[in-house]
Amino acid sequence: MEKKIIILLEILFVLGALGYYTVRELIPEYRESQGSSDAFLKVNEYQTMMEIEVDQSIRFALVLNSDETLIHLFFFHPNCECLYNQNLEGKSLKEGIQQLIPILIQNDFLKTNSRIFITHYSDDYYSDFLSFFQETLRKYDVIATMEEKENTLSNLCQEFELSTSSSDRSMLRSLDFYSKEFIRVFKNHLQKTSISSESGELSDHTVLHYGNIVYQKMENMVREQQIRMAEKNDPRIDLTAIEARDSYSYYPTANSWYYVMDGHIYAYLEFVDQSQVYSVCYMGSIDQVKEGECS
């Protein structure tokens with residue numbers, strides 16, 4: 001009996017030590033590895049949200065709780081990468097907007113001639129949001145056209161072909177999973193960036209990263225020139241002059257091509273390094289891409 005008690009105490013000691021190690025070491029390490037945009041929305045804290053779309057080139061939503069605190073961001077477009085893990089979450093609505101708008105300006109998504117589409121999902125804090133938003137635009141001398149509308153979570157889920165429900169919580173979870181798919185893509189891009197920064201040489205692991213840099217520059221050119229339609233290799237964009245990486249001076253070869261249909265860019269980007277050819281094919285957006293030639 002005494003031996004059994006000793007064994008039981010030893011087991012309890014091991015479990016206790018394991019629990020202590022988990023709380024003391026593993027959980028904080030896990031939390032540190034998670035950025036501000038990685039957490040899932042606590043749906044019970046949801047009060048309302050405001051959706052922002054600029055020039056049909058970036059689209060996201062700010063989620064607020066009852067304290068008018070920005071608790072979450074939904075990403076609805078690949079270009080939202082510029083907002084990923086920017087520590088906007090946890091800020092007051094005013095602070096969040098003051099931090100948000102310079103990011104959009106610096107990443108060339110917000111200009112003086114931009115059209116901003118604002119969608120609110122209730123009247124809660126909406127007047128405050130508009131006041132802070134317009135005040136910050138004036139601060140940065142942005143005179144943009146704003147259009148406002150009201151929407152429901154159900155309509156938004158239908159737009160993204162997500163399941164609708166009578167429960168807002170269920171629809172918010174569906175939207176969060178939809179948004180997290182963009183985050184998964186962002187993380188893949190970050191991993192490829194990390195790999196490429198170690199060597200700077202073109203490879204099967206880095207060509208997509210370089211292709212994305214060129215493609216994003218093409219998107220900016222198309223947006224700035226307001227190109228809706230363009231024949232293959234339209235001279236308005238010279239692919240061979242678009243630098244993929246400053247420090248290594250990679251440019252698409254003359255075999256590369258592009259065309260624009262309804263504002264969407266279709267492109268084949270080819271790079272050469274030490275006689276080795278690498279290429280990527282974009283089928284209308286940065287997230288519709290495959291390595292190799294276009295079929």
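Refer to the structure above for everything that follows.
This brings us to the sheet that holds strand 9 (residues 289-291). As summarised here, the arrangement of the four strands in space is 6-7-8-9, forming an open sheet in which the pairing is antiparallel. Each of the sheet's edge strands pairs with one partner strand only, and the pair in question is strand 6 (257-261) and strand 9. Strand after strand, the sheet turns through a mean of 10° between neighbouring axes, direction not considered. Along the sheet, helix 6 (residues 207-224) contacts strand 6, strand 7 (264-273), strand 8 (276-283) and strand 9; its crossing angle with strand 7, the most-contacted strand, is approximately 140°.

Time to look at the nonpolar core. Within the largest apolar cluster, 35 residues are counted, with the highest numbers of intra-cluster contacts made by I52, F60, L83 and F129. Excluding residues that lie within four positions of it along the chain, F60 makes contacts with M50, E51, I52, F74, F75, F76, C80, L83, L100 and L104. Ranked by size, the runner-up nonpolar core spans 24 residues in total, among them I227, A244, Y250 and L269.

Our next topic: the packing of aromatic side chains. Tallied over the entire structure, the rule returns twelve aromatic pairs. Seen in terms of ring centroids, Y178 and F182 are 5.7 Å apart; in terms of plane orientation they differ by 80°. Their pairing is edge-to-face. Highlighted residues: Y178 and F182, both in helix 5 (residues 168-199), separated by four residues, approximately one helical turn. Taking the relative accessible area as the measure of exposure, F182 reaches 11% and is therefore buried. Grouping aromatic residues by their ring pairs yields a cluster made of F74, F76, F160, Y178 and F182. In this structure, K180 is placed above the aromatic ring of F40, and the distance from its NZ or CZ to the ring centre is 4.8 Å. In this structure, K232 is placed above the aromatic ring of W257, and the distance from its NZ or CZ to the ring centre is 4.3 Å.

Now for the state of the cysteines. Here, the word disulfide means a covalent bond between the sulfur atoms of two cysteines. For the structure shown, the criterion picks out one disulfide. In this model, C281 is linked to C294 through a disulfide, with the two sulfur atoms separated by 2.0 Å. When the S-S torsion is 110°, as for the bridge of C281 with C294, the disulfide is right-handed. Here C294 lies in the segment after strand 9 and C281 lies in strand 8, a separation of 13 residues in the sequence.

This part is about the pairing of strand 1 (residues 48-54). With seven of its seven residues buried, strand 1 lies for the most part within the structure. Here strand 1 shows no split at all, with T48, M50, I52 and V54 on one side and M49, E51 and E53 on the other all buried. As paired elements, strand 1 and strand 2 (residues 58-64) share seven bridges and run antiparallel to each other. What sits directly across from V54, in strand 2, is I58. In this structure, the hairpin formed by strand 1 and strand 2 is closed by a connection of three residues, where D55 is found at a positive phi of approximately 50°. In this structure, strand 1 lies alongside strand 4 (residues 115-120), joined through five bridges in antiparallel fashion.

What follows concerns the pattern of salt bridges. Close approach of charged atoms allows side chains of opposite charge to pair. Across all of its chains, the model carries six salt bridges by this definition. Here D108 makes a salt bridge to K111, at a shortest N to O gap of 3.9 Å. For K111, a relative accessible area of 18% puts it in the buried group. Measuring nitrogen to oxygen at the nearest pair gives 3.0 Å for the salt bridge that ties D234 to R236. On the accessibility criterion, D234 (14% relative accessible area) is buried. The class for R236 is partly exposed, based on a relative accessible area of 40%.

Conventions and cut-offs
- Residues numbered from 1 in each chain as written.
- Predicted model: local features only at pLDDT ≥ 70, side-chain atom pairs only at ≥ 80, totals over all residues.
- Heavy atoms only, no water.
- Pairing = 2+ DSSP bridges.
- Helix = DSSP H or I, 4+ residues; strand = E, 2+ residues; numbered from the N terminus.
- Axes fitted to C-alpha atoms, helices over the stretch in contact; angles between N-to-C directions.
- Contact = heavy atoms within 4.5 Å.
- Core = buried A, V, L, I, M, F, W, Y, C linked by side-chain atoms within 4.5 Å.
- Buried < 20%, exposed > 50% of the residue type's maximum accessible area, 1.4 Å probe, protein only.
- Phe/Tyr/Trp six-rings, centres within 6.5 Å; stacked < 30°, edge-to-face > 60°.
- Lys NZ or Arg CZ within 6 Å of the ring centre and 35° of its normal.
- Disulfide = S-S within 2.5 Å.
- Salt bridge = Lys/Arg side-chain N within 4 Å of Asp/Glu carboxyl O.

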